[in-house]
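Residue-level structure breakdown
Below, each chain spelled out in residue letters.
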Amino acid sequence: IRLIYFTLQILSVKLITNCGGGNMREKREIIIAGGVIGIISVLLVYFGNPANMGFCIACFLRDISGAIGLHRAEVVQYIRPEIVGLVLGAFLLSLKNKEFESRGGSSPFARFMLGMVVMIGALMFLGCPLRMVLRLGGGDLNAIVGIAGFVVGIFVGVQFLNKGFNLKRNYKMPNIEGYIYPAVNVGLLLLLLIAPAFIFFSEKGPGSMTAPIIVSLAAGLIVGALAQKTRLCMVGGTRDMILFKDNYLLLGFISIIVFSFITNLIFGYFHLGFEGQPIAHTDGLWNFLGMAVVGWGSVLLGGCPLRQLILSGEGNTDSVVTVMGMLVGAAIAHNFGLASSAEGATFNGKVAVFICFAFLGVISYFNSGKVLKDTKKEEVTI
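The rules behind each value
Residues numbered from 1 in each chain as written. Predicted model: local features only at pLDDT ≥ 70, side-chain atom pairs only at ≥ 80, totals over all residues. Heavy atoms only, no water. Helix = DSSP H or I, 4+ residues; strand = E, 2+ residues; numbered from the N terminus. Rg over C-alpha atoms; globule rule 2.2 N^0.38 Å. Buried < 20%, exposed > 50% of the residue type's maximum accessible area, 1.4 Å probe, protein only. Contact = heavy atoms within 4.5 Å. Salt bridge = Lys/Arg side-chain N within 4 Å of Asp/Glu carboxyl O. Phe/Tyr/Trp six-rings, centres within 6.5 Å; stacked < 30°, edge-to-face > 60°. Lys NZ or Arg CZ within 6 Å of the ring centre and 35° of its normal. pLDDT = per-residue confidence, 0-100. Expected span 1.5 Å × (residues − 1). Axes fitted to C-alpha atoms, helices over the stretch in contact; angles between N-to-C directions. Parallel < 35°, antiparallel > 145°, perpendicular 65-115°, else oblique. Left-handed = near helix turned anticlockwise from the far one by under 90°. Nonpolar A, V, L, I, M, F, W, Y, C, P; charged D, E, K, R; others polar. Arc of directions from axis to C-beta. Core = buried A, V, L, I, M, F, W, Y, C linked by side-chain atoms within 4.5 Å.

For the protein, the count of helices and strands is 16 helices and two strands. Relative to the compact-globule value of 21 Å for 382 residues, the protein shows a C-alpha radius of gyration of 20 Å, a close match. In the protein, buried positions account for 55% of the 382 residues. Considering only contacts within the protein whose residues lie at least 6 apart along the sequence, 80% involve residues at least 24 apart.

Structure (structure tokens):
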């Protein structure tokens, strides 16, 4: 443990030096946080999670969706304690630091639909942005294609931010509103432990590959707390570099790759190449387009799937609505054959991705400030 911590300290200084100045203390914190997350993710694989899937927000929400019966894909049904831990870790730390605040009311249905869209894009690629970088750290070169699409999607979203895109302000709400989602996650944990007959558990496939509950929950709590403290966001890093030339969040992104790579090498999990990667396909075009949907949609939402879970734990009910959209999106993806498999993308999934792009274009255009201003001028003229 001391060796790992010493290595994190040394590499954090190197990364800060190579990536520019700024607040040294904050940058060191996010690099160390990213390193811890990368290491924990590989340890979760060691303890039983699927390969290159120590953490995957999209995949784990999909598993929960199946576990509560929203879809019946038997190989991906399990209440993932990591998700519970992420939410509760963010919740407890935000309470401790007096950062918990119940807010909501910002275009809830648009956010619900955007959550569905992001999930469909992620299941086309077979992973969220966090799993994307973990796949790269494990040697999966298909993730490079995904990262390219992810960056392009973020770039497109940023163009609309520059045109004044926003989903309107949110409002302060009674604290009880913010407490509900953490309480729901406690309920999910109880259902996992009690295992009643109406909860589904995979007996084969990725859903059956699980680390022990206590290990998964502890990992989620640690990562949730770290992500809450550092504001870690896979989308935010690229967005902030494009908009403000600020590399703070990007350093966390890079750190996860570096330390998951090192830990994979140590455990012998590293496998370089495109072929034969676990729970992945080699269809480059659809890997690219799937992550482009995720990048664009996440920019509009103000954060990646991981960030939405952390904000949910902090009392942001808009993010809770987004997460609910992701759960429903996962159900739709599997009920209608949209999700990819190791064989590649399905025809239905390809059609769905184009529909998602069309939806993102409409939402982006009609929620941009310049468009709204021009519309109001026309109304006044009439």
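This part covers the pattern of salt bridges. Going through the model one piece at a time under the given rule, you end up with eight salt bridges. We note a salt bridge from E29 to R25, for which the minimum N-O separation is 3.3 Å. Of the two residues, E29 and R25 both sit in helix α2 (residues 24–46), four residues apart, roughly one turn of that helix. Among the residues examined, E29 registers a relative accessible area of 23% and is labelled partly exposed.

A word on the packing of aromatic side chains. Taken as a whole and judged by the stated rule, the model has 13 aromatic pairs. Aromatic side chains Y365 and F366 sit 5.0 Å apart centroid to centroid with 85° between the ring planes, which places their arrangement in the edge-to-face category. A residue is classified by how much of its surface remains accessible, and Y365, at 44% relative accessible area, is partly exposed. An aromatic cluster is defined as three or more aromatic residues linked by ring pairs; in this entry it consists of Y46, F47, F267 and Y269. Across from the ring centre of F125, 4.2 Å away, lies the NZ or CZ of R135, which sits over that ring.

Here the protein averages 93 in pLDDT, and 91% of its residues register 70 or above. Low pLDDT (under 50) marks residues 378–382, which in the prediction has zero contacts with non-local residues, meaning those over four places away or in another chain.

Next up on the list: helix α7 (residues 142–162). In this model, α7 (21 residues) spans 31 Å end to end at C-alpha, consistent with the 30 Å of a helix rising 1.5 Å per residue. Backbone geometry just downstream of α7 places G164 in the positive-phi region, at approximately 95°.

Next up on the list: the packing of helix α4 (residues 81–96) against helix α13 (residues 305–313). The N-to-C vectors of α4 and α13 enclose an angle of 50°; their axes lie 7 Å apart at closest approach. Classified by the interaxial angle, the pair formed by α4 and α13 is oblique. As for how α4 packs across α13, the hand of that crossing is right-handed. Every residue of α13 that contacts α4 at I83, L86, V87, A90, F91 and S94 is listed here: L306, L309, I310 and G313. In the contact of α4 with α13, the residues fall into eight nonpolar, two polar and no charged.

Below, the discussion takes up the environment of L88. With respect to the helices and strands, L88 occurs in helix α4. Sequence separation between L88 and V294 is 206 residues, and the spatial gap between their C-alpha atoms is 25 Å. Among all residues touching L88, those that are not within four sequence positions of it are P182, V186 and L221.

This brings us to helix α15 (residues 347–366). Here α15 is 20 residues long and its end C-alpha atoms lie 29 Å apart, about the 28 Å a rise of 1.5 Å per residue gives. Restricting attention to buried positions, one finds in α15 the residues G349, A352, V353, C356, F357, L360, I363 and S364. Looking straight down α15, one finds its buried side chains confined to an arc of 150°; they lie on one side. Opposite the buried face of α15, at more than 90 degrees from it, the exposed residues are F347, F354, I355 and F366.

Counting 95 residues, the largest nonpolar core has F55, L130, M132, F150 and M234 as the members making the most contacts within it. Once residues lying within four places of it in the same chain are set aside, the contact partners of F55 are I40, S41, L44, F60, E82, L86, L130, R131, L134, A219, G220 and V223.

With that settled, the discussion passes to the side chain of N264. Checked against the element boundaries, N264 lands in helix α11 (residues 248–267). Beyond its immediate sequence surroundings of up to four residues, N264 is in contact with V42, G137, G138, Y269 and F270.

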